[in-house]
Amino acid sequence: MAAVTADRSSVGAIPQLGHAVILLGPPGAGKGTQAQRIAARYHLPHLSTGDMFRDHIRRETELGKRAKPLMERGELVPDDLVLSMVEERIAQPDCRNGFVFDGFPRTLAQAGDLERICQKQKFGCTFVLHMVVEPTLLMRRLTGRRICKAGGHIYNIYDRPPKREGICDQDGSELIHRPDDTEGVISERLHAYEVQTRPLVEYYTVRKLLSPVDAMAQADDVTASIARILDGAQIPR
Ligand code: AMP
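Remark: a regular strand shows side chains that alternate across the two faces of the sheet. Of all the 5 residues making up strand β1 (residues 20-24), 5 are buried; the element is thus mostly covered by neighbouring parts of the structure. Of the two faces of β1, the one carrying A20, I22 and L24 and the one carrying V21 and L23 are both buried.

Dropping the structure here:
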């Protein structure tokens, strides 16, 4: 899915990043929303591995066929499949100045491989934004989430509803409820996060790459916190 262009009027001068930005946090932390905004602000591609898999499923590729049953159960796709897809994607010319990862890495093996790929492709890895949220909020956020079919704009029927039910405010397209945003599958996804992904908090803390972000705040405030961190970092060009 293409990154959504944000309203630049609130952004001011457009900073450039030559680095990989990683949004780390459980399902429902707001990674997709924030990744879209950061991608637009810094003119970087938004790389959502979940979106890439959903695209493979739509196109009925071999990869899509392997990923589909796992995604339907809320389990992670095996590392080797994720990694080859990611490596291919970040070798594309639009990733030369960096990229914003949403949903990757999700295991220690993926993080290790990303480090190696970044070294090989000479990316100044890495800014990891740890989206910190109370677990009790996540179920409500995920069951209420609706996503625009055309542009990926994200709503929540409880907290951030569209003006017209089922219709995207921005482009008028249909809003969909992801099949894995249902209670049973969400519990499985949250469990996968705790067991397989949470160890990355320690991994990136040890490497001094992790910045915590209060992701319980309103989306605009979360964006502002992230922008402060990224603008404030003296990133070599
Ligand atoms: P997301 O859209 O990020 O919530 O991802 C949806 C689903 O895609 C996950 O529940 C996994 O089944 C799969 N997936 C996405 N990214 C990864 C990843 N980095 N590693 C393994 N599985 C992934």
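The discussion continues.
Next up on the list: the side chain of D180. By secondary structure assignment, the location of D180 is in the loop between β7 (175-176) and α7 (183-197). One polar contact links D180 to R178, side chain to side chain, over a distance of 2.9 Å.

With that out of the way, let us pick up the site of the ligand. Inspection of the region around the ligand gives 16 residues, with T49, R54, E75, G103 and Q110 positioned closest. At a separation of 3.0 Å, a nitrogen atom of the ligand approaches a polar backbone atom of V77. A total of 480 Å² of accessible area belongs to the ligand in isolation, and the protein chains cover 97% of it.

What follows concerns the sheet that holds strand β5 (residues 145-148). On the basis of which strands lie adjacent, the open sheet formed by 3 strands has the order β6-β5-β7 and antiparallel pairing. Each having just a single partner strand, β6 (154-156) and β7 make up the two edges of the open sheet. As paired elements, β5 and β7 share 2 bridges and run antiparallel to each other. The residue bridging I147 from the neighbouring strand is I176, located in β7.

In this section: the confidence of the model for the protein. Chain-level pLDDT for the protein is 89 on average; 90% of the residues reach the 70-or-more range. Between residues 1-17, whose pLDDT stays under 50, and residues either more than four places distant or in other chains, the model counts 27 contacts.

What counts and what doesn't
Residues numbered from 1 in each chain as written. Predicted model: local features only at pLDDT ≥ 70, side-chain atom pairs only at ≥ 80, totals over all residues. Heavy atoms only, no water. Buried < 20%, exposed > 50% of the residue type's maximum accessible area, 1.4 Å probe, protein only. Helix = DSSP H or I, 4+ residues; strand = E, 2+ residues; numbered from the N terminus. Polar contact = N/O pair within 3.5 Å; in protein donor to acceptor, adjacent residues only side chain to side chain. Near = heavy atom within 4 Å. Areas by Shrake-Rupley, 256 points an atom, 1.4 Å probe, with all protein chains shown as cover. Pairing = 2+ DSSP bridges. pLDDT = per-residue confidence, 0-100. Contact = heavy atoms within 4.5 Å.

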